[in-house]
Number of protein chains: 2
Amino acid sequence: MAVLHGDNPTHAIVMVGLPARGKTYVARKIMRYLSWLGHKTQLFNVGNYRREHIGSLQAHGFFDPANPDGVRQRTDMALMALDDMLRWFGEGGEVAIYDATNSTRERRRLIQEHCERANARVIFIESICDEAIVEVNVRNTKLDSPDYVGIDPDVAVADFRARIAHYARAYEPVDEQEGSYIKLIDVGRQVNVNLIHGYLGSRLVSFLVNLHNVPRPIWLTRHGQTEYNVDGRIGGNSSLSEWGRRYAQNLKRFYDEVIAPQGPPEVWTSTLVRTHETASILGRQTLQWRALNEIEAGICDGLTYAEIKDRYPEEWRARSRDKTGYRYPQGESYMDVIQRAEPVILELERQKKPVMIISHQAVLRSIYGYLMGHEPDQIPHLSIPLHTVLELTPKAYGLAEQRIQLGPAVPAHAGPSS
Amino acid sequence: MAVLHGDNPTHAIVMVGLPARGKTYVARKIMRYLSWLGHKTQLFNVGNYRREHIGSLQAHGFFDPANPDGVRQRTDMALMALDDMLRWFGEGGEVAIYDATNSTRERRRLIQEHCERANARVIFIESICDEAIVEVNVRNTKLDSPDYVGIDPDVAVADFRARIAHYARAYEPVDEQEGSYIKLIDVGRQVNVNLIHGYLGSRLVSFLVNLHNVPRPIWLTRHGQTEYNVDGRIGGNSSLSEWGRRYAQNLKRFYDEVIAPQGPPEVWTSTLVRTHETASILGRQTLQWRALNEIEAGICDGLTYAEIKDRYPEEWRARSRDKTGYRYPQGESYMDVIQRAEPVILELERQKKPVMIISHQAVLRSIYGYLMGHEPDQIPHLSIPLHTVLELTPKAYGLAEQRIQLGPAVPAHAGPSS
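Conventions used here
- Residues numbered from 1 in each chain as written.
- Chains lettered and ligands numbered in written order.
- Predicted model: local features only at pLDDT ≥ 70, side-chain atom pairs only at ≥ 80, totals over all residues.
- Heavy atoms only, no water.
- Phe/Tyr/Trp six-rings, centres within 6.5 Å; stacked < 30°, edge-to-face > 60°.
- Buried < 20%, exposed > 50% of the residue type's maximum accessible area, 1.4 Å probe, protein only.
- Lys NZ or Arg CZ within 6 Å of the ring centre and 35° of its normal.
- Pairing = 2+ DSSP bridges.
- Helix = DSSP H or I, 4+ residues; strand = E, 2+ residues; numbered from the N terminus.
- Axes fitted to C-alpha atoms, helices over the stretch in contact; angles between N-to-C directions.
- Parallel < 35°, antiparallel > 145°, perpendicular 65-115°, else oblique.
- Left-handed = near helix turned anticlockwise from the far one by under 90°.
- Contact = heavy atoms within 4.5 Å.
- Nonpolar A, V, L, I, M, F, W, Y, C, P; charged D, E, K, R; others polar.
- Least-squares fit on C-alpha atoms with pLDDT ≥ 70 in both.
- Polar contact = N/O pair within 3.5 Å; in protein donor to acceptor, adjacent residues only side chain to side chain.
- pLDDT = per-residue confidence, 0-100.
- Expected span 1.5 Å × (residues − 1).

### Side note on the packing of aromatic side chains
(1) Moving on: Overall, the coordinates contain 20 aromatic pairs over all chains when judged by the stated rule.
(2) Moving on: Taken together, a centroid distance of 5.7 Å and an interplanar angle of 50° make the contact between Trp88(B) and Phe89(B) tilted. Residue Trp88(B) shares its accessibility class with Phe89(B), and that shared class is buried.
(3) Moving on: Feature note: the residues Phe44(A), Trp88(A) and Phe89(A) constitute an aromatic cluster, connected by ring pairs.
(4) Moving on: Note that Lys183(A) overlies the ring of Tyr181(A), its terminal NZ or CZ placed 5.2 Å from the centroid.
(5) Moving on: Cation over ring: Arg246(A) sits above Trp243(A), and NZ or CZ is 4.9 Å from the ring centre.

As structure tokens, then:
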């Protein structure tokens with residue numbers, strides 16, 4: 001499914017940076033982004049190996065470079081993760097993300113040598129942050145870490161600061177001689193890039209320059225029920241039904257009571273009538289994206305599922321076999337929808353304001369799939385019901401989800417969902 | 001036509017750098033790229049204003065910062081170009097590229113102030129090169145400059161070096177306080193980015209990291225004639241005709257005699273049968289791109305132009321009115337083809353090897369249009385005949401074109417071209 005055009009597809013993305021520089025935040029974002037684009041991507045977090053094999057509750061002395069026992073054990077864990085990564089490349093893995101401090105030149109040379117054996121190209125991603133960001137990171141993510149379960153927050157912060165200090169003593173920034181790197185300064189404010197070319201590299205850079213760490217909610221909803229929904233027809237460009245218009249009114253109430261008080265959001269719709277009709281009652285300026293239009297059903301546009309099964313039994317079967325890769329004749333596949341939704345994702349990452357998206361089932365499955373970390377194969381099977389708002393709010397490393405059904409559930413139309 | 005999603009669409013891209021740092025090369029590349037993507041883009045080259053209004057033959061003393069008369073005249077030219085740029089923004093211009101040395105902080109502040117009045121966002125692009133690249137640039141581009149017409153090459157080089165020295169004395173690199181910038185070090189080897197976010201910024205960065213200045217030829221050809229071509233039908237996935245197979249043989253001969261001796265090229269095809277059949281005789285490994293497939297004609301796929309005109313007269317008229325924006329029902333428009341061909345363009349920019357592309361009329365029009373600097377409105381009208389190789393070889397700031405017809409011309413099928 002993946003298309004790493006002409007590139008060597010095997011890459012190791014190696015995180016570099018002191019603790020609390022947002023490495024794991026960035027690593028998980030990259031993981032979600034590349035998986036979502038269809039690349040076989042895997043995260044190797046050395047801290048998790050240490051927690052699993054040695055134990056999570058280690059006081060800062062364990063991380064002291066002058067503690068030979070700690071050094072040996074930590075090196076063992078790094079090598080164990082590295083071995084797993086190489087094994088995974090051997091099984092057809094494409095992009096591995098190796099998440100650890102990797103803060104010395106020697107450690108990075110070791111990783112380079114291992115990756116060369118697997119014929120994997122290494123890209124270092126070094127995160128450098130000013131003290132204010134570090135402070136926020138420590139408070140927001142480290143206090144909830146399994147390393148500090150049941151520890152007094154002030155003690156935990158002091159211990160973690162001591163752990164950072166141990167690493168800082170041995171820290172060597174990545175330099176030009178080490179090959180390809182992307183340096184992120186203050187989570188995307190400044191980005192320095194060395195020897196980054198090609199499809200994967202340029203995708204990564206354009207993704208990373210849009211990153212920020214300003215938390216804000218996102219709301220996703222489908223348009224209200226349409227005349228086509230009532231008839232069980234897919235595609236088309238019909239107007240809202242009576243039930244759909246009621247949903248728009250309920251959405252307006254929800255908007256006034258829940259969304260607007262959090263500051264005026266960006267409101268994005270598709271270019272189709274049914275999302276405009278749903279949004280218009282909000283009385284807000286909207287941004288219309290063609291990239292938010294529903295999957296194009298080609299020759300099946302305007303048909304019911306029963307009609308499709310009847311007229312195009314071969315197509316019906318092909319779609320059941322591979323709903324992600326299946327492309328409607330003269331229409332689109334879910335993979336096509338994912339590709340065209342990518343600029344929406346970049347803009348969503350860039351936006352620091354709350355965003356509300358009023359769109360369609362297949363494209364919202366794709367966007368929701370990105371946000372919640374689903375792979376393409378799962379995306380056509382995610383539940384995005386009519387007349388329901390999905391509220392996604394930031395938590396450490398991800399989003400918390402709440403589903404708010406507004407008004408009575410609308411019965412699903414005949415046949416399997418589109 | 002342009003979609004600068006949610007962004008302020010008005011941008012001034014301001015080049016910065018000493019003479020012979022490839023600023024104009026980069027500026028023209030950006031110009032071609034953004035115009036091709038449908039953005040209203042214009043280049044303002046201060047050197048051209050100077051050549052037009054003051055005269056091209058100025059000895060280096062004119063550029064000496066200690067020469068008050070030269071300073072005043074050069075400032076006048078910079079302001080004249082700036083005024084024109086602001087006027088152009090007022091007329092609906094989107095992205096202006098302001099090409100000059102702009103090598104002092106004071107000059108850049110002046111530009112910033114002007115742009116703020118037009119509500120245009122400034123992005124500085126600073127080009128920094130090592131001496132080896134400067135040497136090549138001087139020899140390759142400056143000796144052909146109108147500034148040195150009829151001057152002995154050695155004298156010209158010495159004068160140009162003196163001109164660089166004048167600028168170098170006053171040169172101040174762009175710093176963080178000046179806002180958004182992209183620094184290109186050695187034409188894309190290293191890229192440093194400050195405060196670059198959003199659609200246009202991330203597009204630019206991912207374009208610029210792929211730039212290089214290694215000259216290499218590109219060959220474009222359509223597949224050989226197909227059974228569908230013989231019948232005058234569009235789209236489909238048919239095999240080569242007898243004439244088409246002969247073209248493949250002629251192409252093989254051309255490959256052996258002209259292309260192969262220049263070093264083995266990358267060979268790219270679409271995923272359709274007719275390009276594979278054309279390429280297979282070359283006996284080379286090929287890279288297959290879905291992005292190189294022919295424009296999808298939707299409900300018109302498999303029809304002749306006469307049948308389309310007959311069955312869908314409204315569609316026929318709509319297409320005649322706007323061939324670039326017109327989208328076949330359940331199919332694609334030329335703008336869609338351009339968008340999906342963009343990864344091919346990035347990969348084409350990145351490749352340092354010769355590249356041979358065997359593809360289809362609409363998508364080759366798009367790629368050729370990018371390479372030769374045509375805007376979307378012209379692209380559907382570019383001539384890419386069957387059984388002809390387009391050979392594009394680098395010259396200063398662009399490509400020289402040669403068309404090699406292999407075998408007898410194949411008569412065009414009925415109706416206007418697709």
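### Things to note about the sheet that holds strand S8 (residues 266–269) of chain B
All names here are of chain B.
(1) Moving on: With mixed pairing, six strands are arranged side by side in an open sheet as S9-S8-S10-S7-S11-S12. Either end of the sheet is taken by a strand with one partner, and the two such strands are strand S9 (286–288) and strand S12 (398–405). Each strand axis lies, on average, 20° off the axis of its neighbour in the sheet, ignoring direction.
(2) Moving on: As paired strands, S8 and S9 are joined by three bridges and run parallel to one another. Residue pairing across strands places Thr269 opposite Gln288, the latter belonging to S9.

### Examining the packing of helix H13 (residues 334–350) of chain B against helix H14 (residues 361–372) of chain B
Residue and element names in this part refer to chain B.
(1) Moving on: Following both chains from N to C, one finds H13 and H14 inclined at 55°, their axes separated by 9 Å at the closest point. Judged by the inter-axis angle, H13 sits oblique to H14. Crossing angle aside, the handedness with which H13 passes H14 is right-handed. Residues Tyr334, Val337, Ile338, Arg340, Ala341, Val344, Ile345, Leu348 and Glu349 of H13 form the contact with H14, whose own contacting residues are Ala362, Val363, Arg365, Ser366, Ile367, Tyr370 and Leu371.
(2) Moving on: Among the residues making up the contact of H13 with H14, the classes are represented as twelve nonpolar, one polar and three charged.

### Quick look at the relation of the copies chain A and chain B
(1) Moving on: The two copies are related by a screw motion: chain A maps onto chain B through a turn of 180° and a shift of 0.1 Å along the axis, at an RMSD of 0.0 Å. What the rotation and shift describe, once combined, is the action of a two-fold rotation axis. Taking C-alpha positions as reference, the residue of chain A nearest the rotation axis is Asn192(A), located at 2.0 Å.
(2) Moving on: A share of 100% of the interface residues of chain A reappears at the interface of chain B, consistent with the copies meeting face to face through the same patch.

### A few points about the side chain of Arg21(B)
Residue and element names in this part refer to chain B.
(1) Moving on: Among the structural elements, Arg21 can be located in the loop between strand S1 (11–16) and helix H1 (23–36).
(2) Moving on: From its side chain, Arg21 meets the backbone oxygen of Pro19 in a polar contact 3.0 Å long.
(3) Moving on: In this view, Arg21 contacts Ser127, Ile128, Cys129, Glu131, Val134, Asn137 and Ile164; residues no more than four positions away in its chain are not counted.

### Observations regarding the sheet that holds strand S3 (residues 95–99) of chain A
Neighbouring strands of a sheet are bound in pairs by backbone hydrogen bonds; such pairs are parallel or else antiparallel.
(1) Moving on: Spatially, the twelve strands line up as an open sheet ordered S2(A)-S3(A)-S1(A)-S4(A)-S5(A)-S6(A)-S6(B)-S5(B)-S4(B)-S1(B)-S3(B)-S2(B), and their pairing is mixed. The sheet terminates laterally at strand S2 (41–45) of chain A together with strand S2 (41–45) of chain B, the two strands that pair on one side only. Here the strands of the sheet are splayed against their neighbours by 15° on average, with no regard to which way each runs.
(2) Moving on: Two strands pair when backbone bridges link them, and strand S5 (residues 181–185) of chain B and strand S6 (residues 190–194) of chain B are joined in this way by five bridges, in the antiparallel orientation. Note on S6(B): the bridge partner recorded for Lys183(B) is Asn192(B).
(3) Moving on: Where helix H1 (residues 23–36) of chain A meets the sheet, its contacts fall on strand S1 (11–16), S2, S3, strand S4 (121–128) and strand S5 (181–185) of chain A, and the angle it forms with S2(A) comes to roughly 165°.
(4) Moving on: Where helix H7 (residues 198–208) of chain B meets the sheet, its contacts fall on S1, strand S3 (95–99), strand S4 (121–128), S5 and S6 of chain B, and the angle it forms with S5(B) comes to roughly 0°.

### Brief notes about the pairing of strand S7 (residues 218–222) of chain B
All names here are of chain B.
(1) Moving on: The buried fraction of S7 amounts to five of the five residues, a majority that puts the element mostly inside the structure.
(2) Moving on: Side chains Ile218, Leu220 and Arg222 of S7 all project onto a buried face; the interleaved residues Trp219 and Thr221 project onto the opposite face, where all are buried too.
(3) Moving on: Bridge count between S7 and strand S10 (residues 355–359): five bridges; the pairing is parallel. Paired with Arg222 across the two strands is Ser359, which belongs to S10.
(4) Moving on: Here S7 runs beside strand S11 (residues 388–395); their pairing, made up of three bridges, is antiparallel. The residue of S11 that forms the bridge with Trp219 is Glu391.

### Looking at the side chain of Asn293(B)
(1) Moving on: Structurally, the position occupied by Asn293(B) is in the loop between S9 and helix H11 (305–311).
(2) Moving on: With sequence-adjacent residues up to four places away left out, Asn293(B) is seen in contact with Ser270(B), Thr271(B), Leu272(B), Arg340(B), His360(B) and Val363(B).

### As for the confidence of the model for chain A
Residues and elements named next belong to chain A.
(1) Moving on: In the predicted model, chain A carries a mean pLDDT of 91, and the fraction of residues at 70 or more is 96%.
(2) Moving on: pLDDT under 50 marks residues 414–418. Its contacts with residues more than four places away, or in other chains, come to 17 contacts.
(3) Moving on: This prediction of the complex comes with two scores: 0.82 for pTM and 0.72 for ipTM.

### With respect to H1(B)
Residue and element names in this part refer to chain B.
(1) Moving on: With 14 residues, H1 extends 20 Å between its outermost C-alpha atoms, agreeing within 8% with the 20 Å of an ideal straight helix rising 1.5 Å per residue.
(2) Moving on: Within H1, twelve of the 14 residues are buried, leaving the element largely enclosed by the surrounding structure.
(3) Moving on: Looking at H1, one finds that the buried residues are Lys23, Thr24, Val26, Ala27, Lys29, Ile30, Met31, Arg32, Tyr33, Leu34, Ser35 and Trp36.
(4) Moving on: Gly38 sits one or two positions beyond H1 and adopts a positive phi of about 100°.

### Looking at the packing of helix H2 (residues 46–53) of chain A against helix H3 (residues 68–90) of chain A
Residue and element names in this part refer to chain A.
(1) Moving on: Between H2 and H3, the shortest axis-to-axis distance is 9 Å and the interhelical angle comes to 115°. Judged by the twist between their axes, the crossing of H2 over H3 is right-handed. Where H2 abuts H3, its residues Val46, Tyr49, Arg50 and His53 lie against Met77, Ala78, Met80, Ala81 and Asp84.
(2) Moving on: Of the residues belonging to the contact of H2 with H3, the class tally is six nonpolar, one polar and two charged.

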